[in-house]
Amino acid sequence: MARVDYSELSRVIASLTEGETDTVALMATLACEIHHADDRFDWTGFYRVVAPEVLKIGPYQGGHGCLVIPFVRGVCGACARTGEAQIVADVEAFPGHIACSSSTRSELVLPVRNGAGVLLGVLDIDSDRAVAFDEADAGALQAILDRVFEDCAE
Ligand code: SME
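Owing to the predicted nature of the structure, the values given are computational and were not obtained by experimental measurement. (Residues numbered from 1 in each chain as written. Predicted model: local features only at pLDDT ≥ 70, side-chain atom pairs only at ≥ 80, totals over all residues. Heavy atoms only, no water.)

Caption draft 1: Inspection of the sheet that holds strand E4 (residues 86-88) at higher detail. The six strands are arranged E3-E2-E1-E6-E5-E4 in an open sheet whose pairing can be described as antiparallel. Bordering the open sheet on either side are strand E3 (68-70) and E4, each of which pairs with just one other strand. Pairs of neighbouring strands in the sheet enclose a mean axial angle of 25°, with direction left out of account. In terms of strand pairing, strand E1 (residues 43-51) meets strand E6 (residues 119-127) through six bridges, oriented antiparallel. (Pairing = 2+ DSSP bridges. Helix = DSSP H or I, 4+ residues; strand = E, 2+ residues; numbered from the N terminus. Axes fitted to C-alpha atoms, helices over the stretch in contact; angles between N-to-C directions.)

Caption draft 2: Fine view of the nonpolar core. Leu 9, Leu 30, Ile 34, Phe 46 and Phe 149 are the most contacted members of the largest nonpolar core, which has 27 residues in total. With residues near it in sequence (within four places) discarded, Phe 46 still touches Met 27, Leu 30, Ala 31, Lys 56, Ile 57, Gly 58, Pro 59, Val 112, Val 122, Leu 123, Leu 145 and Phe 149. Ranked by size, the runner-up nonpolar core spans 17 residues in total, among them Trp 43, Tyr 47, Val 75 and Val 91. (Core = buried A, V, L, I, M, F, W, Y, C linked by side-chain atoms within 4.5 Å. Buried < 20%, exposed > 50% of the residue type's maximum accessible area, 1.4 Å probe, protein only. Contact = heavy atoms within 4.5 Å.)

Caption draft 3: How the structure looks around the site of the ligand. By nearness alone, every residue bordering the ligand is listed as Trp 43, Tyr 47, Ile 69, Gly 74, Val 75, Cys 76, His 97, Ile 98, Cys 100, Glu 107, Asp 124 and Asp 126. Val 75 has a polar backbone atom sitting 3.0 Å from an oxygen atom of the ligand. The contact in question runs from an oxygen atom of the ligand to an N or O atom on the side chain of Asp 126, over 2.8 Å. Here the ligand loses 99% of its free accessible area of 310 Å² to cover by the protein chains. Mapped by element, the contributors of at least two residues to the shell around the ligand are E1, helix H3 (74-82) and E6. Here the shell around the ligand takes three residues from H3, the largest share from any one element. A per-class count over the shell around the ligand returns seven nonpolar, two polar and three charged. (Near = heavy atom within 4 Å. Polar contact = N/O pair within 3.5 Å; in protein donor to acceptor, adjacent residues only side chain to side chain. Areas by Shrake-Rupley, 256 points an atom, 1.4 Å probe, with all protein chains shown as cover. Nonpolar A, V, L, I, M, F, W, Y, C, P; charged D, E, K, R; others polar.)

Caption draft 4: Focus on the packing of helix H2 (residues 23-35) against helix H4 (residues 135-148). Where H2 contacts H4, the two axes come as close as 12 Å, and the packing angle between them is 155°. By the angle between their axes, H2 is roughly antiparallel relative to H4. Between H2 and H4 lies a crossing whose hand is right-handed. Of H4, the residues touching H2 (which contributes Leu 26, Leu 30 and Ile 34) are Leu 141, Ile 144, Leu 145 and Val 148. Partitioned by chemical class, the residues of the contact of H2 with H4 number seven nonpolar, no polar and no charged. (Parallel < 35°, antiparallel > 145°, perpendicular 65-115°, else oblique. Left-handed = near helix turned anticlockwise from the far one by under 90°.)

Below, the structure is given as structure tokens:
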């Protein structure tokens, strides 16, 4: 499979999600479309903010993921805590990385916010390839997330 065409992916996601504001339905749709868009993506899913400083697994594609992540732990917690994208070239070098699969080598985690800036959760993509993600991936996927979840309630 060739590298994802983000303009095409954005177009497909926009058509599939037009008018939808249910967060879980949107997460399920995006996990599917993003996961199948590029064979670098070996695990693609969401963790939702379910309580102060607590993430809980949401819709995903790939092997099982851990159910609960406090903001103080893991790459997902770092993203939720800081509100910043986490582009991890080597998960072994990330302090406190949570390994849901022993084959994961690199990871991208992005914040999911609504139009009011409320953190709804994070998008987590794992790859079995080292250094699989770059700023172009982060920027394109963040633009998709910002548009899709803009009208979602917290
Ligand atoms: N690696 C993540 C945990 C989620 S599993 O990868 C699906 C982390 O360190 O937060």
